[in-house]
Amino acid sequence: MEELSFGPEWNMGTMDLSSLQAQFDVFGAESTYVVAENESQKRQEHEAAKPTTSRSNDTSRDSWEPENERNHEVERQNLAVEGTLQVPPMPINTRPSPYELSLSSIARNSIIGMILKTTSEAKAAEILGFFPGLQTLNSLLAFYTQYWERATIDNFVHLPTLQLDSSKPELLASMIAIGALQTQSTVAHKFGYALQEVVRTSTFRTWEEKNSNSRDISLTQGFLIQQRVAFFSGIQRKVTFAEACYKCLEILIKNGGHLKGGMQSNEISLEDISNASGEALEHLWRKWSTIESQRRLVYAAYITEAHVSMSRHLQLTSPYFDVDV
């Protein structure tokens, strides 16, 4: 057989491959099928050695079967917890947050109004009489600010410029829900999950009442927070509804103009902000915050979708080339 040379003169067309053909003829074509049969037999033996798991078991573990008496109000009683919800103190080694959020009566009333719009009269009276007061809600918000400090990768709610009174109640309730879930109180956990349920149903109601509400970034921020709470709650009912709303987040971001806004170049530099003062500084600061909040919202949505697609074996719905923001 000719010596193989891989230099510049190497040309498959000029090589004598007769020796290779002769070796193939010696073994015969039947040997190819023998190898294939052996490999097939090995695969069959390997599959037979695997522990058998029935498909019905997989289905029962991953599916949720609705019950006749359950509906969107199944957790509403967990909102009437005034007097029973005792917010525990912060852990001793907790670093104090520089951001102190404080709800006003206006913000609390907007949350209650959101709850009443999605609740029947039979449940509304109890909630109205025993919904937590401002002190309790602000204590839960303090836990949220601690969570916000730790979530440095996708803290898409910009607390320094957040105006609670003008934000959608869906965002405020989602933030309180996150804070409630950070505590060690079972009552607080149930309260947080109940708020998440309200936010999910209220988001679509708010969107349908006025379609342009999708342009308010606080509505989409609140919806994203509740989706994350639901997906990683471990409660199959919540996970099922979160999967049903899987595509809705992308639609809210795109139709609300947040993807387009996040892709804009932020021409405001730190030098411009440092040289401004008074109302001009406030205007630049909030303009920068608006664009940056949209950008972080888009990134957080993609990060959440990546985590969910891996944990729930769902197909990605958003193209990754949109991440270039």
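Structure shown above.
Below, the structure is looked at part by part. Keep in mind it's a predicted model, so treat the numbers as computed, not measured. (Residues numbered from 1 in each chain as written. Predicted model: local features only at pLDDT ≥ 70, side-chain atom pairs only at ≥ 80, totals over all residues. Heavy atoms only, no water.)

### Focus: the environment of Ser 185
With respect to the secondary-structure elements, Ser 185 resides in the loop between helix H7 (169-181) and helix H8 (186-209). Residues Ser 185 and Leu 85, spaced 100 residues apart in sequence, show a C-alpha to C-alpha distance of 8.1 Å. Each residue touching Ser 185, except ones within four places of it in the same chain, is listed here: Leu 85, Gln 86 and Pro 88. (Helix = DSSP H or I, 4+ residues; strand = E, 2+ residues; numbered from the N terminus. Contact = heavy atoms within 4.5 Å.)

### Structural notes on the environment of Thr 186
Within the secondary structure layout, Thr 186 lies in helix H8. For the pair formed by Thr 186 and Gln 86, sequence separation is 100 residues and the distance between their alpha carbons is 10.0 Å.

### Observations concerning the packing of aromatic side chains
By the definition in use, this model includes 5 aromatic pairs. Measuring from centroid to centroid gives 6.2 Å for Phe 231 and Tyr 246, while their planes differ by 85 degrees, and the two rings are edge-to-face. Taken together, the positions of Phe 231 in helix H9 (residues 217-231) and Tyr 246 in the loop between helix H10 (236-244) and helix H11 (248-255) put the pair 15 residues apart, joining distant regions of the chain. The exposure classification of Phe 231 matches that of Tyr 246, with both residues buried. Between Trp 285 and Trp 288 the ring centres are 5.5 Å apart and the planes differ by 10 degrees, which places this aromatic pair in the stacked class. Of this pair, Trp 285 and Trp 288 both sit in helix H14 (residues 278-312), 3 residues apart, which is roughly one turn of that helix. Classification of Trp 285 by relative accessible area gives partly exposed; the value is 29%. The side chain of Arg 200 reaches across the aromatic face of Phe 241, ending 4.2 Å from its centre. (Phe/Tyr/Trp six-rings, centres within 6.5 Å; stacked < 30°, edge-to-face > 60°. Buried < 20%, exposed > 50% of the residue type's maximum accessible area, 1.4 Å probe, protein only. Lys NZ or Arg CZ within 6 Å of the ring centre and 35° of its normal.)

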